[in-house]
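# A structural walkthrough
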Amino acid sequence: MDKMFLLSSDYVGVTFWLVSIAMMAATVFFLYEGAQVKKEWRLSLLVAGLVTLVAGVHYDYMRDFWVVEQTTPIVYRYIDWLITVPLLMIEFYLILRAVGAAIGVGSFLRLLLGTLVMLIFGFLGEAELMNVTVAFWLGMVGWAVIIFEIFGGSAGKAAKTAGSAVASAFNFMRLIVLIGWAIYPVGYVWGYMMGGVDEGALNMVYNLADFVNKILFGLVIWHLAVKESGGVNHSHD
Ligand SMILES: *C/C=C(C)/C=C/C=C(C)/C=C/C1=C(C)CCCC1(C)C
């Protein structure tokens, strides 16, 4: 019974708690704001809200798992990522489509392929189904495919022709994928590759990364949508 509730000494547990609440609040925000922007931008904000909704529900489970077990909720975490990372990839496509500069299906498939390689090998490494270091480098290849596609591939080129507000949001979003996402491999290396397994460090770093990469990413899209809608009118008269 003493392990049913979050203890004030459980710092990692507190970060699970904070992120679960932040995801829920962000969901309400994105869905509410989505109803205020122009039609073309609603789907982008709906998807941003779905990302934080899916994560919020998973964080609720992950927090409980951590509080009771004090170990990494690997399965919940990877199921969450498997749903939310493809949704984040779709956002690149949606913001281009909203201004009529759609990218091809090939581009989206390469983003999806990179995502699957990155997450499948990450999971195999963390679940000890594969050598931790080999799995890490194979996962890095998947991430590299994504980076190449959004910086050098046809998605990157389409963004350049899409007008300045979209191009600058696209640029910010791909910097999040380059810099914000780099927090995850840092957590993996710290957690698994520095001699022994450090579950506390691993989960604290992943929790911070999810906060930045789901909520900040959504806020960039929200900012673009509001700007392209000519501001948002919150009064209903
Ligand atoms: C909302 C969740 C997101 C944006 C999750 C992103 C996860 C990653 C960028 C994971 C990356 C990893 C590698 C690049 C190498 C292998 C280990 C991983 C899976 C942690």
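Everything below is about the structure printed above this text.
Residues numbered from 1 in each chain as written. Predicted model: local features only at pLDDT ≥ 70, side-chain atom pairs only at ≥ 80, totals over all residues. Heavy atoms only, no water.

Helix and strand content of the protein: nine helices and zero strands. Over its C-alpha trace the protein gives a radius of gyration of 19 Å, about what one expects of a compact globule, namely 18 Å for 237 residues. Dimensions of the protein, computed from C-alpha atoms along their principal axes, come out at roughly 55 × 45 × 20 Å. Out of the 237 residues in the protein, the part that is buried amounts to 49%. For the protein, restricting intrachain contacts to residue pairs at least 6 apart in sequence, the fraction spanning at least 24 positions comes to 78%. Side chains of the protein carry 13 positive and 17 negative charges; the gap between the two charge centres is 15 Å. (Helix = DSSP H or I, 4+ residues; strand = E, 2+ residues; numbered from the N terminus. Rg over C-alpha atoms; globule rule 2.2 N^0.38 Å. Buried < 20%, exposed > 50% of the residue type's maximum accessible area, 1.4 Å probe, protein only. Contact = heavy atoms within 4.5 Å. Lys, Arg positive; Asp, Glu negative; His and termini not counted. Charge placed at Lys NZ, Arg CZ, Asp CG, Glu CD.)

With that settled, consider the site of the ligand. In the region of the ligand, 18 residues are neighbours, and Trp81, Val85, Met118, Tyr184 and Lys214 sit closest. A total of 530 Å² of accessible area belongs to the ligand in isolation, and the protein chains cover 100% of it. Tallied by class, the residues present in the shell around the ligand amount to 13 nonpolar, three polar and two charged. (Near = heavy atom within 4 Å. Areas by Shrake-Rupley, 256 points an atom, 1.4 Å probe, with all protein chains shown as cover. Nonpolar A, V, L, I, M, F, W, Y, C, P; charged D, E, K, R; others polar.)

This next bit is on unusual backbone geometry. Although it is not a glycine, Gln70 sits at a positive phi angle of roughly 55°. On the basis of relative accessible area, Gln70 is assigned to the partly exposed category, the value being 34%. For Glu128, which is not glycine, the phi torsion reads 60° and is therefore positive.

Taken as a whole and assessed by the stated rule, the structure comprises 16 aromatic pairs. Ring centres 5.1 Å apart and planes at 85° place the aromatic pair Trp81 and Tyr184 in the edge-to-face group. Here Tyr184 lies in helix α8 (residues 183-192) and Trp81 lies in helix α3 (residues 74-98), a separation of 103 residues in the sequence. Their ring planes at 55° and their centres at 5.2 Å tell us that Tyr188 and Tyr192 sit as a pair that is tilted. On the criterion of helical spacing, the pair formed by Tyr188 and Tyr192 is a turn pair, its members being four residues apart in helix α8. Judged by its relative accessible area of 12%, Tyr192 is buried. Each member of the aromatic cluster is reached from another via a ring pair, and the members are Tyr78, Trp81, Phe123, Tyr184 and Tyr206. (Phe/Tyr/Trp six-rings, centres within 6.5 Å; stacked < 30°, edge-to-face > 60°.)

On the surface, Leu31, Leu43, Leu46, Leu50, Leu53, Val57, Tyr61 and Tyr76 cluster together into a nonpolar patch covering about 670 Å² of accessible area. Of all the elements, helix α2 (residues 39-69) adds the most residues to the nonpolar patch, at six residues. Tracing the backbone through its elements, the reader meets Leu43 in helix α2. A residue is classified by how much of its surface remains accessible, and Leu43, at 38% relative accessible area, is partly exposed. (Patch = residues over 30% accessible without salt bridge, like charges linked within 9 Å, V, L, I, M, F, W, Y side chains within 5 Å. Salt bridge = Lys/Arg side-chain N within 4 Å of Asp/Glu carboxyl O.)

What follows deals with the packing of α2 against helix α9 (residues 199-228). The interhelical angle for the contact between α2 and α9, taken along N-to-C directions, is 160°, at an axis separation of 10 Å. Considered as vectors, α2 and α9 are oriented roughly antiparallel to each other. Judged by the sense of rotation from one axis to the other, the crossing of α2 with α9 is left-handed. Among the residues making up the contact of α2 with α9, the classes are represented as 13 nonpolar, six polar and four charged. (Axes fitted to C-alpha atoms, helices over the stretch in contact; angles between N-to-C directions. Parallel < 35°, antiparallel > 145°, perpendicular 65-115°, else oblique. Left-handed = near helix turned anticlockwise from the far one by under 90°.)

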